[in-house]
Amino acid sequence: MFSDESRFSLQSDSLRTLIWRAPGTRYHQENTIERHRYGGAGWLIWGGIILGSRSDLHVHSVTMAGHIYRDVILEQHVRLFRGAMGAEFLFMDDNARPHRANIVDECLQSEDITRMDWPA
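The name given to the protein in an unreviewed UniProt entry is Transposable element Tcb1 transposase, with the source organism recorded as Trichonephila clavipes.

Right, here's the structure in full:
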């Protein structure tokens, strides 16, 4: 099973201001605009792919953290897939920081879920 989630901004645009400037003037005061990178709530979008099939798309209004990943994704979805597939089940995620939290490793071990080695 492959697992992935994405984070989306609900802002209407990228907040980028595109300007043309002369070479070498990038950091001149008149070419500098203060802005905030991200100001909206986080959304967790998750889906799984398994044996030529796929899970439903799950959308949650949360910001991703290790305990959220464990509680929302592993406990509610991955554990059920593992139960249906049996001992041959192999889990793969994308090495995001929340996926590597100690509580996630402990959860996978307690549920006897084998994670595929996936170099960073």
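K.L.:
Looking at this model, I keep getting lost on the pairing of strand β2 (residues 44–50). Mind explaining?
P.N.:
In regular strands, side chains alternate between the two faces of the sheet. When you tally the buried positions in β2, you get five out of seven residues, the bulk of the element. Taken together, the three bridges between β2 and strand β4 (residues 58–60) define a ladder with antiparallel strand orientation. The partner of W46 across the bridge, within β4, is H58. Hairpin connection between β2 and strand β3 (residues 53–54): a loop of two residues separates the two successive antiparallel strands, and L51 in this loop has a positive phi of roughly 45°.

K.L.:
What is the right way to look at the nonpolar core in this model?
P.N.:
Generally speaking, a soluble globular protein has its nonpolar side chains buried in company with each other. I73, L74, V78 and F91 are the most contacted members of the largest nonpolar core, which totals 15 residues. Secondary-structure elements contributing two or more residues to this core are β2, α1 (66–85) and α2 (102–110). In terms of residue count, α1 provides more of this core than any other element does, six residues in total. Excluding residues within four positions of it along the chain, L74 makes contact with Y69, R79, F91, V104, C107 and L108.

Conventions used here
- Residues numbered from 1 in each chain as written.
- Predicted model: local features only at pLDDT ≥ 70, side-chain atom pairs only at ≥ 80, totals over all residues.
- Heavy atoms only, no water.
- Buried < 20%, exposed > 50% of the residue type's maximum accessible area, 1.4 Å probe, protein only.
- Helix = DSSP H or I, 4+ residues; strand = E, 2+ residues; numbered from the N terminus.
- Pairing = 2+ DSSP bridges.
- Core = buried A, V, L, I, M, F, W, Y, C linked by side-chain atoms within 4.5 Å.
- Contact = heavy atoms within 4.5 Å.

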